[in-house]
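# Observations on chain architecture
If you want the building blocks of each chain, they are given just below.
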Amino acid sequence: MNNAFENAMTQLDQAANIMNLNKDIYAVLKQSDRVLIVSIPVKMDSGEVKVFTGYRSQYNNAMGPYKGGIRYHWNVSIDEVKALSFWMMIKCATVNIPMGGGKGGIIVNPKELSIGELERLSRGYIQKIWREIGSDKDVPAPDVYTTPQIMGWMRDEYEKLVGHSDPGVITGKAIPNGGSEGRETATAQGGVYVVKELAKKLGLNPSETKVAVQGMGNVGGFMAKILHEEGYDIVAISDSKGGIYSENLDLNAVFAHKEATGSVQNLEGTKNVTNEELLELPVDILVPAALENQIHKDNVDKILAKAIVEMANGPVTPEADEILKQKNVPVVPDVLANAGGVTVSCFEWEQNNKNEHWTEAEVFAKLEPMMVQAFNEVWETKEKYNVAMRVAAFVKAIERVAAKMKI
Ligand code: NAD
C-alpha cells in the first residue's frame, strides 16, 4: 500500500497534468519547504527521563504563514506529517485564506501520560521548535488528541521563550485565552453552507432531502443538528457502536437517548443499522463524518446516495472516488467540505493579531460567503476540466499557490 505522502504526490501529479502546471513550480511543490525532527526529553512522574520524537513539516508558505495542527498519536510518522502539511496547503488555498500548509506531531500515546507529563511534553516540543514558529511564521493548532489546554501550555511556553506576547502563534485556544467564538461548531457550520450550495446545484429542496450522517462527534453531531434546523431531513446517524435509521427520525430524541444510554441504537421507532449499512441507505446526501477509508472499492457499488459530502478527512478512497466519478455521484472533497474549521482558526489568528474579539454571529457572517465562494469556484473548475470535485479543488488551490509563487 502507498504511504500517505505518495498518495498526496499522486494527487499533485494529477492536478499538475490537468492544469499544465509550470515545471519549476511543480518541482518546488514536490517537496516540503522544511521538516523539523526533534527529540523531546520529558521527566516522567517516576523520575525517569523518556525521550519522545516530534516533527513539524512546513510545506509551503506562498499564501501566508504555515498553518496546521499538532497530532499526538502513536502512529505519527514523518511521511504522514508531510502529507498532512501538503493537504493543509491545499485546504487553505481552496478556501482562499492567507495561510500556507504545515503540520506537526509527536509519537506518543497521550492516554498513557499523566496531566503533568503531558504539560512537560507539550512545553518540551515548543522548546525545540520555537525559533521556527510565530504568528507571522507558522501557526500550529489542535489535531488528534490535542486540546485547547495543550494549546494554552504551548502559547505560554512560546511567549516565555520569545519574551513578548504573541497570542496568534497558535489557534484552537480556549476562549478566555484568545480563542474564537464559533470554533467548536465551525467545521460543521462550514459543511452546512456547502450542503446548501450542493442542494441548489442538484435541484434538491431541503425538506425533501434525506441525509445520512456517519459519526456524531464534534463534526457529525453538530452537522446533523444544524442541517435539521435548516429543514433537512436527517434519516440516519451513527456513532462508533452503530447507527439508527428512520424516515421520521426525531433528532432531539436521538441525542437524549445517546446521553441516557451511551449509544444511539435501540431507540424506539427506529431500525438499528451497522456503520456499513448506514453508508448504503437510499438517501440524497451521505455525510461521512467519522473516520477515513469508509467508502472503498468493495462497497462503492452499494452506495445509493446521490451525493457525498466528506466531513471526515479521507473517508472515500482514491479507487472509490474514481468509480463515483464514473457514476456521476458528486463527492465534495474534505479539503473543501471541512475547511470551515481552519477558516475560523484563521479568524482566531486575525482577531489575536488585531486585538479584537468577534461575536459568533460576526464569525459566521464572514465564514458563509467564503465557503459559498469556494464551493462555486470548485464546481466551476470541475465543469471546466470535466474532473471530479476533488481534482477540481486541487487545481483551484494549486493555481492560487502557483500564482503567488510566480510573483
Ligand atoms: P470526534 O472524536 O468528536 O467524533 C468522532 C465520531 O466518530 C464519534 O461520534 C465516534 O463515535 C464516531 N466513530 C468512531 N469510530 C467509528 C466507526 N468505526 N464508525 C462510525 N463512527 C465512528 O471527532 P470529530 O472532531 O467529529 O472529527 C471527525 C472527522 O472530521 C475526523 O476525520 C477529523 O479529522 C475530521 N475533521 C474534524 C475537524 C474538527 O474541527 N473537529 C476539522 C476537519 C476535519
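The rules behind these values
Residues numbered from 1 in each chain as written. Predicted model: local features only at pLDDT ≥ 70, side-chain atom pairs only at ≥ 80, totals over all residues. Heavy atoms only, no water. UniProt positions renumbered as here; feature names shortened; annotations may be inferred. Helix = DSSP H or I, 4+ residues; strand = E, 2+ residues; numbered from the N terminus. Rg over C-alpha atoms; globule rule 2.2 N^0.38 Å. Buried < 20%, exposed > 50% of the residue type's maximum accessible area, 1.4 Å probe, protein only. Contact = heavy atoms within 4.5 Å. Areas by Shrake-Rupley, 256 points an atom, 1.4 Å probe, with all protein chains shown as cover. Lys, Arg positive; Asp, Glu negative; His and termini not counted. Charge placed at Lys NZ, Arg CZ, Asp CG, Glu CD. Polar contact = N/O pair within 3.5 Å; in protein donor to acceptor, adjacent residues only side chain to side chain. Near = heavy atom within 4 Å. Salt bridge = Lys/Arg side-chain N within 4 Å of Asp/Glu carboxyl O. Pairing = 2+ DSSP bridges. Axes fitted to C-alpha atoms, helices over the stretch in contact; angles between N-to-C directions. Disulfide = S-S within 2.5 Å.

As named in an unreviewed UniProt entry, the chain is Glutamate dehydrogenase, taken from Candidatus Magasanikbacteria bacterium GW2011_GWC2_34_16. According to the UniProt record, the Sequence similarities (unreviewed entry) comment for the chain is "Belongs to the Glu/Leu/Phe/Val dehydrogenases family."

### Points about the overall build of the chain
Looking only at helices and strands, the chain has 14 helices and twelve strands in total. Its C-alpha atoms give the chain a radius of gyration of 21 Å, near enough to 22 Å, the size a compact globule of 407 residues would have. Taking the principal axes of its C-alpha atoms as reference, the chain extends roughly 60 × 55 × 45 Å. Here the chain, with 407 residues, has 57% of them falling under the buried criterion. Restricting to contacts in the chain with at least 6 residues of sequence separation, those with at least 24 account for 68%. A total accessible area of about 17,200 Å² is found for the chain, and carbon and sulfur atoms account for 48% of it. Of the charged side chains in the chain, 43 are positive and 53 negative, and the gap between their average positions amounts to 5 Å.

### A closer look at the UniProt feature "binding site: substrate" (unreviewed entry) in the chain
As annotated by UniProt and renumbered to match this structure, "binding site: substrate" (unreviewed entry) occupies Lys67, Lys91 and Ser345. Sequence-wise these annotated residues cover 279 residues; spatially they are packed, their C-alpha atoms never more than 12.6 Å apart. Within the fold, Lys67 resides in strand S3 (residues 66-73). Relative accessible area serves as the criterion here: at 1%, Lys67 is assigned to the buried category. Side-chain polar atoms of Lys67 contact the backbone oxygen of Val139, separated by 3.0 Å. Here Ser345 is to be found in helix H12 (residues 340-354). Leave out the neighbours within four places in its chain, and Ser345 touches Lys67, Thr171 and Arg183. A polar atom in the side chain of Ser345 sits 3.3 Å from the side chain of Arg183.

### Things to note about the environment of Leu21
Relative to the helices and strands, Leu21 is located in the loop between helix H1 (4-19) and helix H2 (23-29). Each C-alpha atom, one on Leu21 and one on Ile170, is 33 Å from the other, the two residues being 149 residues apart in sequence.

### Some points on unusual backbone geometry
Phi at Asn96 is positive, roughly 60°, even though this residue is not glycine. Assignment of secondary structure puts Asn96 in the loop between helix H3 (78-94) and strand S4 (101-107). Judged by relative accessible area, Asn96 falls into the partly exposed class, the value being 41%. With a phi angle near 65°, Asn266 is a residue other than glycine that sits in the positive phi range. Turning to its location among the elements, Asn266 is positioned in the loop between helix H8 (251-261) and strand S9 (271-273).

### Describing the site of the ligand
In the neighbourhood of the ligand, 18 residues make up the surrounding shell, with Thr187, Met216, Asn218, Val219 and Ser240 lying closest. The contact in question runs from a nitrogen atom of the ligand to an N or O atom on the side chain of Asn275, over 3.0 Å. For the ligand, an oxygen atom lies 3.5 Å from a polar atom in the backbone of Met311. In isolation the ligand has 830 Å² of accessible area, and contact with the protein removes 68% of it.

### Describing the pattern of salt bridges
Under the definition given, this model contains 26 salt bridges. Here Arg56 ties to Asp138 by a salt bridge, and the two come within 2.7 Å at their closest N and O atoms. In this pair, Arg56 sits in strand S2 (residues 49-60) while Asp138 sits in strand S5 (residues 138-142), placing the two residues 82 residues apart along the sequence. A single burial state applies to Arg56 and to Asp138, both of which are buried. In this structure, Glu350 and Lys354 form a salt bridge, with 3.1 Å as the shortest nitrogen-oxygen distance. Here Glu350 and its partner Lys354 are both found in helix H12, four residues apart, which amounts to about one turn of the helix. Taking the relative accessible area as the measure of exposure, Glu350 reaches 24% and is therefore partly exposed. Of the residues examined, Lys354 reaches a relative accessible area of 45% and is grouped as partly exposed. One network of salt bridges, with partners in common, ties together Glu119, Arg123, Asp156, Glu157 and Lys160.

### Brief notes about the sheet that holds strand S11 (residues 307-309)
Strand-to-strand pairing in sheets goes through backbone hydrogen bonds, with the strands running parallel or antiparallel. On the basis of which strands lie adjacent, the open sheet formed by seven strands has the order S9-S8-S7-S6-S10-S11-S12 and mixed pairing. With one partner strand each, in any of the chains shown, S9 and strand S12 (331-332) form the two edges of the open sheet. Set on the sheet, helix H6 (residues 183-202) makes contact with strand S10 (285-288), S11 and S12; between it and S11 the angle comes to about 165°.

### Some thoughts on the state of the cysteines
Within the structure shown, the criterion is met by zero disulfides. Summary of cysteine pairing: Cys92 is not part of a disulfide, and the nearest cysteine sulfur, belonging to Cys346, is at 7.6 Å. Taking the relative accessible area as the measure of exposure, Cys346 reaches 1% and is therefore buried.

### A closer look at the UniProt feature "binding site: NAD(+)" (unreviewed entry) in the chain
Taking the UniProt record as the reference, the feature "binding site: NAD(+)" (unreviewed entry) is found at Thr187 and Asn218. In sequence the annotated residues extend across 32 residues, while in space they remain close, none of their C-alpha pairs exceeding 8.4 Å. Looking at the element boundaries, Thr187 is found in helix H6. On the secondary structure map, Asn218 appears in helix H7 (residues 218-229). One polar contact links the side chain of Asn218 to the main-chain carbonyl oxygen of Glu184, over a distance of 3.2 Å.

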